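# Summary of structural features
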Amino acid sequence: MATKASRSAARLMMAPAVVLLLGWMLVPLTMTLWFSFRNYLPLRGGDQGFAGFDNYVRFVTSSAFWPAVLATLFIVVGVLIITVVLGVLLALLLDQPMWGQGIVRILVIAPFFVMPTVSGLVWKNMFLDSVNGLFAHIWRFFGAQPVEWMIHQPFASIILIVSWQWLPFATLILLTAIQSLDSEQLEAAEMDGAPALKRFWFIIIPHLSRAITVVLLIQTIFLLSIFAEIFVTTAGAFGSKTLTYLIFQRVLESQNVGLGSAGGVYAIILANIVAIFLMRIVGKNLDA
Amino acid sequence: MGRITLSNVTKSFGDVEVIPPLDLTIEDGEFAVFVGPSGCGKSTLLRLIAGLEDVSSGEIQIDGQDATDVPPAKRGLAMVFQSYALYPHMTVRKNIAFPLRMAKLDKAEQDRRVNQAAEVLNLTDYLERRPGQLSGGQRQRVAIGRAIVREPAAFLFDEPLSNLDAALRVGMRLEISELHKRLNTTMIYVTHDQVEAMTMADKIVVLRAGHIEQVGSPLELYRAPRNLFVAGFIGSPKMNLIDGPEAKKHDAHTIGIRPEHIAISAEKGDWSGVVGVSEHLGSDTFFHVHKTGLADTITVRADGEVSLRHGDKVYLSPRLDMIHRFGADGLRLS
């Protein structure tokens, strides 16, 4: 891209992609912003003109708002902790040479390919069901009273399901990072008198910090908007309503597009706040 | 302090025997260089001594103590790796202090030793930098610093200069030799570069396919190579090896004559040939002489002022007292 001609040619060729992407993002964003200031009730009179900031005030003052924000953060943080910790351990394990390595790695990645709705249903009915689920059988085998997972442990259930789905992603990225570690560094540390645990703490973890940052950032973006897992399991009951789910309820169950759009704008703000915090905490790892 | 003895040591990876039974003693305070072509097992041998690989059989003694099954950290050896293996996320100070921190020395003692090492190695201005911000030579010094703070019984160097450019390599060679003279600690140094071996070593160990071909001081190896392999490996440019009738005249299967022991002349001499490529180094000129009827090429060292051109007919006269004679089995005939 040295000459003027090649630069403008490059711009021209990039234009379709840029226009498409901009349209893809800008149109829904603008529509959300537009509807959030309208009093729009599709089944009760349709679009009834401007509402000012009424929707925003109503959404925040609703008793469901703060619990939903907390639930969202709780689920995101829980899943992040579980996937990163187990991801590091699994990656260490998979990095060891073993028989059938290729097959094991594919099996580990497999949950990532299962659709969220499907995995939610499978977990709910085959594992967590209090009468016929696998867990219930295990509990009964040890003579314990089976747990009503969906009712008494809604957060644990959802975090469990979502973690199961995202663990392969974390493992995969961390595994590639571990494989890029220079083995001479580990040997040098061994010669320097560092036992295995200290080698892990002083050499492997710092080496993985950048990959962990990437995992945290990418997962946060996706986890803030999880929906299907909640929809098919608790359907937002028992306090497991996230911000995304609240917005869904406002738009479709209450048929209030304006209120839901205002919630959508709050969700954008929340996502950005979380992103800024994350960047502050871990972003320095991304500097070279 | 640092006498290292290997007796009957072998190493196999699966069915492949990399090191056949091998005996070797490195005396305390000695600078020993393992040299050989790549794949000759010299790095493996070093890693066996370091404890990073387990021996398949045999015994390693350090200071008379059996160290065969002692883990690397407990052997009291320090190693400098080819890639330096610095910890990229730690500052130079923390890198150098790492072994002390692992040994749980108190902070003041750590600082004292790190500062001392930094002074010796001219790293004082760089202590707060990270390895990524240093040049190759500085990184090398940090790696050496990390080794010397432990005050080990012996230093192990695994091709430490091969990632440096030629000028730096000469400088670091001197620094490591100087360090050895000052610390008077055993050093084992692995290289494939025979110039490094010749210039630094007290004792050179020439290896081929895991076998020790010869052990001796640099000049012993140069003056009396035990076999054809050592003859060809030590010395730069290589010794000229001549088979056939010319060797028969000296009652040998093969004779060897170093380039510096042949006189070249345009008028008369024992052998004749045609000048091929000539390499001018300024102080010396190396002529590659063809069509001598003795070998493909005879390399001759001449004074830098001798001027002969490509295609000139020349005469060569070897110094008869400098001819090395070898038998059909490749061994030196005395």
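Treat the numbers as computed from the prediction; the structure is a model and nothing was measured.

The rules behind these values
- Residues numbered from 1 in each chain as written.
- Chains lettered and ligands numbered in written order.
- Predicted model: local features only at pLDDT ≥ 70, side-chain atom pairs only at ≥ 80, totals over all residues.
- Helix = DSSP H or I, 4+ residues; strand = E, 2+ residues; numbered from the N terminus.
- Contact = placed C-beta atoms within 7 Å.
- Buried ≥ 20, exposed ≤ 12 C-beta atoms within 10 Å, placed from the backbone.
- Pairing = 2+ DSSP bridges.
- Axes fitted to C-alpha atoms, helices over the stretch in contact; angles between N-to-C directions.
- Core = buried A, V, L, I, M, F, W, Y, C linked by C-beta atoms within 7 Å.
- Domains from an automatic or database assignment.
- Left-handed = near helix turned anticlockwise from the far one by under 90°.
- Nonpolar A, V, L, I, M, F, W, Y, C, P; charged D, E, K, R; others polar.
- Expected span 1.5 Å × (residues − 1).
- Arc of directions from axis to C-beta.
- Right-handed = clockwise from strand over helix to strand, strands pointing away.
- pLDDT = per-residue confidence, 0-100.

## Some details on the overall build of chain B
When its secondary structure is counted, chain B shows 9 helices and 18 strands. For chain B, restricting intrachain contacts to residue pairs at least 6 apart in sequence, the fraction spanning at least 24 positions comes to 62%.

## Looking at the overall build of chain A
The number of helices and strands found in chain A is 13 helices and 2 strands. Here chain A holds 288 residues, and 30% of them are scored as buried.

## Description of the sheet that holds strand S12 (residues 254-257) of chain B
Strands belonging to one sheet form pairs held by backbone hydrogen bonds; the direction of such a pair is parallel or antiparallel. Residue and element names in this part refer to chain B. The 3 strands are arranged S11-S12-S18 in an open sheet whose pairing can be described as antiparallel. The open sheet has two edge strands with one neighbour each: strand S11 (240-243) and strand S18 (324-326). Taken over all neighbouring pairs, the strand axes of this sheet differ in orientation by 25 degrees on average, direction set aside. Sheet topology places S12 next to S18; 3 bridges connect them, and they run antiparallel. Paired with Ile255 across the strands is Arg325, a residue of S18.

## Quick look at the nonpolar core
Ranked by internal contacts, the top residues of the largest apolar core, which has 139 residues, are B:Val33, B:Met79, B:Leu156 and B:Ile188. With 12 residues, helix H8 (residues 154-179) of chain A is the single largest residue contributor to this core. Here this core spans two domains, since at least three of its residues come from each of domain 1 (4-230) and domain 2 (237-326) of chain B. Among residues more than four places away in sequence, those in contact with B:Leu156 are B:Leu46, B:Ile49, B:Ala50, B:Leu77, B:Met79 and B:Ile188.

## Overview of unusual backbone geometry
All names here are of chain B. Residue Pro237 is reached from Ser236 by a cis peptide bond, and omega for that bond is -5 degrees. The topology assignment puts Pro237 in the loop between helix H8 (228-233) and S11. Located in the positive-phi region is Asp63, a residue other than glycine, with phi close to 55 degrees. Positionally, Asp63 belongs in the loop between strand S4 (57-62) and strand S5 (65-66).

## Points about the sheet that holds S5(B)
Residue and element names in this part refer to chain B. Spatially, 4 strands are ordered S2-S1-S4-S5 in an open sheet, and the strand pairing comes out antiparallel. Whereas interior strands pair on both sides, the edge strands pair on one side only; in this sheet they are strand S2 (16-26) and S5. Where strand S1 (residues 4-13) and S2 come together, 7 bridges link them in antiparallel fashion. Within S2, the position partnered with Thr5 by the bridge is Thr25. Those strands touched by helix H1 (residues 42-50) are S1, S2 and S4, and its axis lies near 115 degrees from that of S1.

## Topic: the packing of helix H3 (residues 65-95) of chain A against helix H10 (residues 196-223) of chain A
Two quantities define a packed helix pair, namely the angle between the axes and the distance from one axis to the other. Residues and elements named next belong to chain A. Where H3 contacts H10, the axes come no closer than 10 Å and their chain directions differ by 145 degrees. For the element pair H3 and H10, the recorded crossing hand is right-handed. The segment H3 lies against H10, with Ile75, Val76, Val79, Leu80, Thr83, Val84, Gly87 and Val88 engaging Leu208, Ile212, Val215, Leu216, Gln219, Thr220 and Leu223. Residues belonging to the contact of H3 with H10 are distributed by class as follows: 11 nonpolar, 4 polar and no charged.

## Structural notes on the domain arrangement of chain B
Looking at the assigned domains, one finds that chain B contains domain 1 (4-230) and domain 2 (237-326). Computed over C-alpha atoms only, the centres of domain 1 of chain B and domain 2 of chain B are separated by 38 Å.

## Some details on the interface of chain A and chain B
With 13 residues of chain A at the contact, the number on the chain B side is 15 residues. Considering every element that reaches the side of chain A that touches chain B, the biggest residue donor is helix H9 (residues 183-191) of chain A, with 6 residues. Tallied by class, the residues present in the side of chain A that touches chain B amount to 5 nonpolar, 2 polar and 6 charged.

## Section: the packing of H8(A) against H10(A)
Residues and elements named next belong to chain A. Relative to each other, H8 and H10 sit at 145 degrees, their axes nearing to 9 Å. As H8 runs across H10, the sense of the crossing is right-handed. Taken together, the residues of H10 that come into contact with H8 (itself represented by Val162, Trp166, Ala170, Ile173, Leu174, Ala177 and Ile178) are Ile204, Leu208, Ala211, Val214, Val215, Gln219 and Leu223. A per-class count over the contact of H8 with H10 returns 13 nonpolar, 1 polar and no charged.

## Considerations on the environment of A:Ile247
All names here are of chain A. Relative to the helices and strands, Ile247 is located in helix H12 (residues 243-253). Since 23 C-beta atoms lie within 10 Å of it, Ile247 is described here as buried. In this structure the C-alpha to C-alpha distance between Ile247 and Val232, which are 15 residues apart in sequence, comes to 16 Å. In contact with Ile247, not counting residues within four places along its chain, are Gly260, Gly263, Gly264 and Ala267.

## Notes on helix H3 (residues 107-120) of chain B
All names here are of chain B. Compared with the 20 Å implied by 1.5 Å per residue over 14 residues, the 20 Å span of H3 between its first and last C-alpha is a close match. All of the buried residues in H3 are Gln110, Arg113, Val114, Ala117 and Ala118. Mapping the buried residues of H3 onto a view down its axis gives an arc of 135 degrees, with all of them on the same face. Among the exposed residues of H3, those pointing more than 90 degrees away from its buried face are Ala108, Glu109 and Glu119. The inward-facing, buried residues of H3 abut helix H2 (92-102) and helix H4 (136-148). Looking one or two residues past H3, Asn122 carries a phi angle of roughly 60 degrees, positive in sign.

## Digging into the pairing of strand S7 (residues 154-158) of chain B
All names here are of chain B. In terms of burial, S7 is a largely internal element, 5 of the 5 residues being buried. Taking every second residue as pointing to the same face, both faces of S7 are buried, with Ala154, Leu156 and Asp158 on one and Phe155 and Phe157 on the other. For strand S6 (residues 77-80) and S7, the ladder comprises 4 bridges, and the chain directions are parallel. Bridged to Leu77 within S7 is Ala154. Handedness of the β-α-β unit built from S7, helix H5 (residues 166-183) and strand S8 (residues 186-191) comes out right-handed.

## Observations concerning the environment of B:Gly51
Residue and element names in this part refer to chain B. Tracing the backbone through its elements, the reader meets Gly51 in the loop between H1 and S4. Between the alpha carbons of Gly51 and Trp271 there is a distance of 53 Å; along the sequence they are 220 residues apart. If we ignore the near neighbours within four places in the chain, the residues touching Gly51 are Val70, Pro71, Pro72 and Arg75.

## Quick look at the confidence of the model for chain B
Residues of chain B with pLDDT of at least 70 account for 100%, and the chain-wide mean is 89. Note on the complex model: pTM 0.78, ipTM 0.80.

## Comments concerning H2(B)
All names here are of chain B. With 8 of its 11 residues buried, H2 lies for the most part within the structure. When H2 is considered as a whole, its buried residues turn out to be Val92, Arg93, Asn95, Ile96, Ala97, Phe98, Pro99 and Leu100. Taken together, the buried residues of H2 touch H3 and H4. Just past H2, the residue Lys104 takes up positive phi, approximately 60 degrees.

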